[in-house]
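Summary of the model geometry
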Amino acid sequence: NIHGQQQQQQQQQQQQEDGAMGEMTDYTGLIYLTLIAAASSFILSTLSLSIMTACPKFLIQLSLLFSLGLSLLMTTVSFYYQQYIAGAFGILFFLLACCYACCVWRRIPFAAANLNTGLTAVKMNGGVFVTSVVITVVSFGYLVIWMVALVGVYDATGAGAAITSAGGGGGGGGENVQPSWGYLVLLLLALYWTQQVLANTIHVIVAGVVSTWWFAPDEASSCCSVAIKDSFVRATTTSFGSICFGSLLVAIIQTLRSMVESARQDNSNDGCAAFVLCLVDCCLQCLQGILEYFNKFAYIYVGMYGYSYLEAGKNVMTLFHARGWNIIIADDLVSNTLSLFTLIGGGLVGCVGLATNAAFPSWLAGFEGAASGIAFGFSFLIGIVITAIMLSVVDSSVNTVLVSFAEAPEEFQQNHPKLSGEMRDAWRLVYPAECGF
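What you see is a predicted model; the values in this text were computed from it and never measured.

**Some remarks on the overall build of the protein**
A count of helical and extended segments in the protein gives 14 helices and zero strands. Order of helices (α) and strands (β) in the protein, N terminus to C terminus: α-α-α-α-α-α-α-α-α-α-α-α-α-α. For the protein, the residues scored as buried account for 40% of the 437 residues in total. Taking the intrachain contacts of the protein between residues at least 6 apart in sequence as the baseline, contacts between residues at least 24 apart amount to 78%.

**Thoughts on the side chain of Thr255**
Locating Thr255 in the fold gives a position in helix H9 (residues 240-264). Take Thr255: its relative accessible area is 5%, and that puts it in the buried class. Here Thr255 is in contact with Val185, Leu188, Leu189 and Tyr192, once residues within four sequence places are set aside.

**Considerations on the nonpolar core**
Nonpolar side chains tend toward joint burial in soluble globular proteins. In terms of nonpolar packing, the biggest core is built from 79 residues, with Met52, Phe110 and Val394 touching the most fellow members. Not counting residues up to four positions away in its chain, the partners in contact with Met52 are Leu59, Leu119, Leu338, Phe341 and Leu391.

**A few points about the environment of Phe380**
Here Phe380 shows up in helix H12 (residues 371-407). A C-alpha to C-alpha distance of 4.7 Å links Phe380 and Gly346, two positions 34 residues apart in sequence. Residues in contact with Phe380, not counting those within four places in the same chain, are Leu343, Gly346, Gly347 and Gly350.

**As for the packing of aromatic side chains**
Enumeration over the complete set of coordinates arrives at 16 aromatic pairs. Here the aromatic rings of Phe360 and Trp363 are separated by 4.5 Å at their centres, their planes lie at 10°, and the arrangement is stacked. One aromatic cluster is present, formed by Phe245, Phe294, Tyr299 and Tyr309 through successive ring pairs.

**So, the pattern of salt bridges**
Side chains bearing opposite charge may pair, as long as their charged atoms lie close to each other. In the structure shown here, the tally under the stated rule is six salt bridges. Among the ionic pairs, Arg257 bridges to Glu261, the shortest N-O distance being 3.2 Å. Here Glu261 and Arg257 lie together in helix H9, a separation of four residues that amounts to about one turn. Given a relative accessible area of 16%, Arg257 falls into the buried group.

About the criteria used
- Residues numbered from 1 in each chain as written.
- Predicted model: local features only at pLDDT ≥ 70, side-chain atom pairs only at ≥ 80, totals over all residues.
- Heavy atoms only, no water.
- Helix = DSSP H or I, 4+ residues; strand = E, 2+ residues; numbered from the N terminus.
- Buried < 20%, exposed > 50% of the residue type's maximum accessible area, 1.4 Å probe, protein only.
- Contact = heavy atoms within 4.5 Å.
- Core = buried A, V, L, I, M, F, W, Y, C linked by side-chain atoms within 4.5 Å.
- Phe/Tyr/Trp six-rings, centres within 6.5 Å; stacked < 30°, edge-to-face > 60°.
- Salt bridge = Lys/Arg side-chain N within 4 Å of Asp/Glu carboxyl O.

The following block contains the structure:
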């Protein structure tokens, strides 16, 4: 009898271990899927750089036509579901998009030349991609710490205990204790500020590397060039104050927007209050967009010359006064192309996730019928994030090329005559009367 009990206990223990191993296998399968999706993202991002180098003009044209097609599709869907007001606005936006495409079509060769030059600069200094990935990992680590701090604030103010008391079914209903708004505002500000600082640090590093390649190519012509190290040191020391100052301005607006959006979700607001909050949110959103776009070019001057934030801002105003719309349109055309590649990259990695799930169904067996959706969605998200990180480096590089070409075209002609010839020819083609070359 005792022997039988021992055998029964051993069987129960074995079943528990098998169950634990099953859970571990599910978790391990998800890790394997993540690694495969990440590796596929890096491979596809590298291939996309080569594809963009081979046919930049065609890809910019394709992205412009894709945006038109997407606008037309949304309009058609609106009318199909009898959403006539949305369809009318869709027609209006589609016509505006067609007008924009007609106006900027002749400027595509110059944008393509900028994209090709920016790609050449970062491909010769591939270590800058590794730097951006490392900083992004640091950003994710900070986000985890921030979430722990948020939970700590809830516990310290008694909100977490009140929620537990209310949900635990204790004698009386627990009080609805809310954490202090002051703590939450400061936490939000810290989160937005840190994320802005890290993103702008990558931008400044890329600007420094590309400008060094522009003016002194011997120092920026290898994967681990001196320019990468020097740009990283400048961005994290002497220029870090400028990065933090400009990032704080955007973070304050983001925090205010979060507060306004939280207030808009309050059902007790009357119609007038809701309208005012909507108006304030719209104004803050516009102000945030303008400031972020301004910072994009201000930090290029910080990375190129080590200017302070205010001094860099003055140079940005001078730049836009001289070549405002030309810079904006070229930047917009390239950004559309990079966004399209990010979307395509995410979709392809999602397909890799589906293929992986079909080849190794046991990896996600614990998710039963949702395994395919989780495999595609999880891989798609990883592909979007990694591709966006890689192509954000290209975006920063192209913007630096735009500024450098306006600031120092002669140095470019001297150090990179072939690329300079392409950009000068494209500039003559687009602006024959004001070329100046």
